Amino acid sequence: MEPMVHLRTVSFGVWVGVGSAHENKENNGISHILEHCLFKGTKTRTAKQLADEISAIGDQLNAFTGKECTAFYGVTLTEFLPKLMELLGDMLLNSTFEEEPLKKELGVILEEIDMYDDSPEDLVHEMLQKNVWRDHSLGFLISGEKPVVAGMTKEQLTAFMAEHYYGSNMVVSIAGNYDEALFLSDLERYFGEIPKYAATSQTDATKQAVPVFHRCFCKRGKDVEQLYMNLAFDAVCECDDARHTMIVANAVLGGSNNSRLFQKIREESGLAYSVYSYSSMYRAAGLFHIDVIVNPANAVLVYQTLKDILQDFRSEEIGEQELAALYTQLRTEMIMGSESARNRMEHNAKSLLMHGRVVPLEETIKRLSGVTAKEIRLFAERYLDMEKCSVCLVGDIEESAAKLEKYWDG
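Residues numbered from 1 in each chain as written. Predicted model: local features only at pLDDT ≥ 70, side-chain atom pairs only at ≥ 80, totals over all residues. Heavy atoms only, no water.

**A closer look at the overall build of the chain**
Here's step 1: Assigned secondary structure in the chain consists of 16 helices and 10 strands.
Here's step 2: Across its three principal directions, the C-alpha atoms of the chain cover 60 × 45 × 40 Å.
Here's step 3: Per-residue burial for the chain yields a buried fraction of 52% across its 410 residues.
Here's step 4: If you take every contact in the chain between residues at least 6 apart in sequence, the share linking residues at least 24 apart comes to 83%.
Here's step 5: Accessible area for the chain stands at about 19500 Å²; split by element, carbon and sulfur atoms hold 49% of it.
Here's step 6: Each charge class in the chain can be summarised by its mean position, and for the 41 positive and 62 negative side chains these summaries are 3 Å apart. (Helix = DSSP H or I, 4+ residues; strand = E, 2+ residues; numbered from the N terminus. Buried < 20%, exposed > 50% of the residue type's maximum accessible area, 1.4 Å probe, protein only. Contact = heavy atoms within 4.5 Å. Areas by Shrake-Rupley, 256 points an atom, 1.4 Å probe, with all protein chains shown as cover. Lys, Arg positive; Asp, Glu negative; His and termini not counted. Charge placed at Lys NZ, Arg CZ, Asp CG, Glu CD.)

Rendered as structure tokens:
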């Protein structure tokens, strides 16, 4: 709970510690299907009635599925918080998964899968993670594979929900302007019937095989003008203290318009319109990504330039002035983001799910500002080695893929 009394709104969310990484090949996509189907009718409301009542309090009730969590959340005026909570409680406790609405929603999800497949930006990331993690569930598509999704049943959904949607695997998070006593009373009223423990035997995520990074080169031809190139490096997990160093290293390398990648590849060389870096951190593994959208004729040259940039980054320490400016940038971004009730609600929920406690904003800022130039260089030296990276290409691959793969393979 985080009060923000200067606001007239409140953000409330229920986060469940389950996602595609907790699935298997026979039910891949079920977490995402559940997220959709909780909006499709309860014992007392049709999907249309849910939509009407959600719209009446601002139409800001939504959900998403990730690899390790599923979240249901809303933002509304303080006066409508009890109604928002009642709606979410009804969806979580009383959804019916009736055959006809389920069939229609599976059709919608199949269209969504096709939409992502048509998007090179999404496809290049998903393909690379799938190949990097091979058969481990961390590489599964969040939306699922079409044949599995198409055959999903009410019985499977009900059993999976009973296995994973229980109190000790859920986090309730609220931030904004609310009355604490009334909130706690309504929380018991609308969510008190959620069981504390799983109703069926569960698969303990900690007993799953640890994901192993596999160096790979994968490609998919698409009828588009550009080539979408994504690189992945084995990196640190969400629970590793070195994640603070990775966050700072990412900011230096490709997190903004003044980063090394953007300045050298776009501004100085004019080789690509879009170039940036980002991280994917999970409980037991992590990746550091570099993403470039480039003319196919320039792909090999861009790859060579990336190699030069990373070699410099791994051998030369960042200057004090640049590092000081970077700390200011990160601190400003984090504080500005924290002034949103939804951002605070999300941060607190993720923090509690991943770390077992709410990590205060000032603690994170302090940890980031304590990262040294030497630590950044050592991180880059250890993890950002182009000889160990994986590569995925999506788009016009005919002209450049073979040359690039040969160059990648040494």
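Read on, since the account is not over.
**As for the packing of aromatic side chains**
Here's step 1: Considering all chains together, one arrives at 11 aromatic pairs under this definition.
Here's step 2: On the numbers, 5.4 Å between centres and 80° between planes, the contact of Trp15 with Phe64 is edge-to-face. Here Trp15, found in strand β2 (residues 9-16), pairs with Phe64, found in strand β3 (residues 61-65); they are 49 residues apart in sequence, far enough to count as distant.
Here's step 3: Look at Trp15 and you get buried, because its relative accessible area is 0%.
Here's step 4: The class of Phe64 is partly exposed, set by a relative accessible area of 26%. (Phe/Tyr/Trp six-rings, centres within 6.5 Å; stacked < 30°, edge-to-face > 60°.)

**Some points on the environment of Ile54**
Here's step 1: Residue placement: Ile54 occurs in helix α2 (residues 47-56).
Here's step 2: Taking C-alpha positions, Ile54 is 9.3 Å from Gly74, a pair spaced 20 residues apart along the chain.
Here's step 3: With residues near it in sequence (within four places) discarded, Ile54 still touches Phe39, Asp59, Gln60, Leu61 and Leu87.

**Details of the sheet that holds β3**
Here's step 1: Read across the open sheet, the 5 strands follow the order β1-β5-β2-β4-β3; overall the sheet is mixed. With one partner strand each, in any of the chains shown, β1 (2-3) and β3 form the two edges of the open sheet.
Here's step 2: In this structure, β2 lies alongside strand β5 (residues 170-176), joined through 7 bridges in antiparallel fashion. Bridge pairing in β5 places Val10 opposite Gly176.
Here's step 3: Packed on one face of the sheet, helix α8 (residues 180-191) meets β2 and β5 and runs near 40° to β2.
Here's step 4: Packed onto the sheet, helix α13 (residues 341-355) meets β1, β2, β4 (70-77) and β5 and runs at close to 150° relative to β5. (Pairing = 2+ DSSP bridges. Axes fitted to C-alpha atoms, helices over the stretch in contact; angles between N-to-C directions.)

**Observations regarding helix α14 (residues 361-369)**
Here's step 1: Along α14, the positions that sit buried rather than exposed are Leu361, Thr364, Ile365 and Leu368. Angular distribution of buried residues about the axis of α14 spans 100°; they occupy a single face of the element. Counted as exposed and oriented over 90 degrees from the buried face of α14: Glu362 and Lys366.
Here's step 2: The elements touched by buried residues of α14 are α9 (243-254), α12 (320-338) and α13. (Arc of directions from axis to C-beta.)

**Remarks on the environment of Leu253**
Here's step 1: Here Leu253 is to be found in helix α9.
Here's step 2: When the C-alpha positions of Leu253 and Tyr278 are compared, they lie 9.3 Å apart, and in sequence the two are 25 residues distant.
Here's step 3: Not counting the four nearest positions on each side in its chain, Leu253 is found in contact with Ser259, Arg260, Leu261, Ser277, Phe288, Ile290, Ile309, Leu310, Phe313 and Leu384.

**Regarding the pattern of salt bridges**
Here's step 1: By the definition in use, this model includes 23 salt bridges.
Here's step 2: Between Glu105 and Lys40 there is a salt bridge; the shortest N-O distance is 3.4 Å. Residue Glu105 is found in helix α4 (residues 99-117), and its partner Lys40 is found in the loop between α1 (30-37) and α2; the two are separated by 65 residues along the sequence.
Here's step 3: Residue class for Lys40 comes out partly exposed when judged on its relative accessible area of 31%. (Salt bridge = Lys/Arg side-chain N within 4 Å of Asp/Glu carboxyl O.)

**Some remarks on the sheet that holds strand β10 (residues 390-395)**
Here's step 1: The 5 strands are arranged β6-β10-β7-β9-β8 in an open sheet whose pairing can be described as mixed. Looking at which strands have only one partner, the edges of the open sheet turn out to be β6 (217-221) and β8 (272-281). Direction aside, neighbouring strands of the sheet carry axes that sit 15° apart on average.

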